[in-house]
Amino acid sequence: MREPADAAARAAELLGPLRAHLASAVPPGGRIVVRDLGCGTGSMGRWLAPRLPGPQHWILHDHDPGLLAHAVTALPAAAADGTPVTAAAAPGDLTRLDAAGLAGATLVTASALLDLLTAAEVEALADACAAAGLPALLTISVVGRVGLDPAEPFDAELAAAFNDHQRREHGGRRLLGPDAVPAARAAFERHGYVVRTAPSPWRLGPDERALVAEWLRGWVAAACEQRPELAAEGEAYLRRRLAECAAGRLRVVVGHDDLLALPPGGGGR
């Protein structure tokens, strides 16, 4: 459901510096080898593969075998210049990847993943990329900014509770949530990387009513889980907002950032 919104939101301006780096990193006749972390159904590959030149091989990482099987078969067959794109599945815990696990790659990508990691996991990802000399394109990370039109006073209270929920401790792991992009920038810059960020907000309106409704339910539920005292008012709020959504009167902007980290001495500066 979210794939078209993600595709429309991703910061295409980061692709120029990335292509410049890859042009200097991949020898003539070589292929780009992408490790896509937390690939899900493969939406990142479906967006990026047609936008990169030259032959590509995608190694798709996820813990769910069913999602991996779908992602491998749903990847585009060709790159921007018509050269072939192939894919392989890599099941397992992506947080355990190290430089050895990234051997042979040209690029690391992820979408809607950074904010689900801990500070230590982000540091480990930057360490692994740096040890392997790899660039990273990490897209659609939440930044804690949400705007609804028309606005209501209760919006801000729900947003604050939701952001706290994104930073919660889960399974013994303290998630970064909206702090993920600054943490990743700092982690890569400690290795001398050139880091660029760009906004990639969802801009949703009447044409995306199903996604808006699903997002609303999840947003309010997470906020009320974090602060149960909001539940009664949150239930009434959700009913109002879903009615506005169904009537085509609600617009939502959900803030994200994309991050491109290029290794020191690489192209695309």
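Check the entry above for the structure.
Residues numbered from 1 in each chain as written. Predicted model: local features only at pLDDT ≥ 70, side-chain atom pairs only at ≥ 80, totals over all residues. Heavy atoms only, no water.

Undergrad: Tell me about the overall build of the chain, residues and numbers included.
TA: When its secondary structure is counted, the chain shows nine helices and 10 strands. For 269 residues, the compact-globule estimate of 2.2 N^0.38 gives 18 Å, and the C-alpha radius of gyration of the chain, at 19 Å, lies within 12% of that figure. Along the first, second and third principal axes, the C-alpha set of the chain runs to 60 × 35 × 35 Å. Residue pairs at least 24 apart in sequence account for 82% of intrachain contacts in the chain once pairs closer than 6 positions are excluded. (Helix = DSSP H or I, 4+ residues; strand = E, 2+ residues; numbered from the N terminus. Rg over C-alpha atoms; globule rule 2.2 N^0.38 Å. Contact = heavy atoms within 4.5 Å.)

Undergrad: Lay out the nonpolar core in plain terms, naming residues and giving numbers.
TA: In this structure, Leu-148, Leu-158, Trp-202, Trp-215, Leu-216 and Trp-219 are the most contacted members of the largest nonpolar core, which totals 28 residues. When contributions to this core are tallied by element, the ones reaching two or more residues are helix 1 (3-9), strand 5 (136-149), helix 6 (154-166), strand 9 (202-204), helix 8 (209-226), helix 9 (231-246) and strand 10 (251-262). Sort the elements by how many residues they give to this core and helix 8 lands first, with 10 residues. With residues up to four places along the chain from it excluded, the contact list for Leu-216 reads Leu-148, Leu-238, Arg-241, Leu-242 and Leu-250. Ala-128, Leu-134, Leu-138 and Ala-180 belong to the second largest nonpolar core, which has 27 residues in total. (Core = buried A, V, L, I, M, F, W, Y, C linked by side-chain atoms within 4.5 Å. Buried < 20%, exposed > 50% of the residue type's maximum accessible area, 1.4 Å probe, protein only.)

Undergrad: Can you break down the environment of Gly-234 residue by residue, with the values?
TA: Relative to the helices and strands, Gly-234 is located in helix 9. Measuring from C-alpha to C-alpha, the distance between Gly-234 and Leu-175 comes to 24 Å, with 59 residues separating the pair along the chain. With residues near it in sequence (within four places) discarded, Gly-234 still touches Phe-154, Val-220 and Cys-224.

Undergrad: Account for the packing of helix 8 against helix 9, naming residues and giving values.
TA: Contact geometry for helix 8 and helix 9: axes closest at 10 Å, N-to-C directions at 175 degrees. Taken together, the axes of helix 8 and helix 9 lie roughly antiparallel to each other. Only Ala-231, Gly-234, Tyr-237, Leu-238, Arg-241, Leu-242, Cys-245 and Ala-246 of helix 9 make contact with helix 8, whose side of the interface consists of Arg-209, Val-212, Ala-213, Leu-216, Arg-217, Trp-219, Val-220 and Cys-224. Of the residues assigned to the contact of helix 8 with helix 9, the class counts are 12 nonpolar, one polar and three charged. (Axes fitted to C-alpha atoms, helices over the stretch in contact; angles between N-to-C directions. Parallel < 35°, antiparallel > 145°, perpendicular 65-115°, else oblique. Nonpolar A, V, L, I, M, F, W, Y, C, P; charged D, E, K, R; others polar.)

Undergrad: So, the packing of helix 6 against helix 8: which residues are in play, and what are the values?
TA: Between helix 6 and helix 8, the least distance of the axes is 8 Å, while the angle of their chain directions is 75 degrees. As summarised for this structure, helix 6 and helix 8 are arranged roughly perpendicular, according to the angle between their axes. Touching Asp-155, Leu-158, Ala-159, Ala-161, Phe-162, Asp-164 and His-165 of helix 6 are Trp-219, Val-220, Ala-222, Ala-223, Glu-225 and Gln-226, all from helix 8. Its residues placed into classes, the contact of helix 6 with helix 8 shows eight nonpolar, two polar and three charged.

Undergrad: Outline the pairing of strand 1 (residues 32-37), listing residues and values.
TA: Looking along a regular strand, one sees the side chains alternate between the two faces of the sheet. Most of strand 1 sits out of view: six of its six residues are buried. Because side chains alternate across strand 1, one face comprises the buried residues Ile-32, Val-34 and Asp-36, and the other comprises Val-33, Arg-35 and Leu-37, equally buried. As paired elements, strand 1 and strand 2 (residues 56-62) share six bridges and run parallel to each other. Across the sheet, Asp-36 pairs through a bridge with Leu-60, a residue of strand 2. This β-α-β element, strand 1 to helix 3 (residues 43-48) to strand 2, shows right-handed connectivity. As paired elements, strand 1 and strand 4 (residues 107-111) share four bridges and run parallel to each other. Bridged to Asp-36 within strand 4 is Thr-109. (Pairing = 2+ DSSP bridges. Right-handed = clockwise from strand over helix to strand, strands pointing away.)

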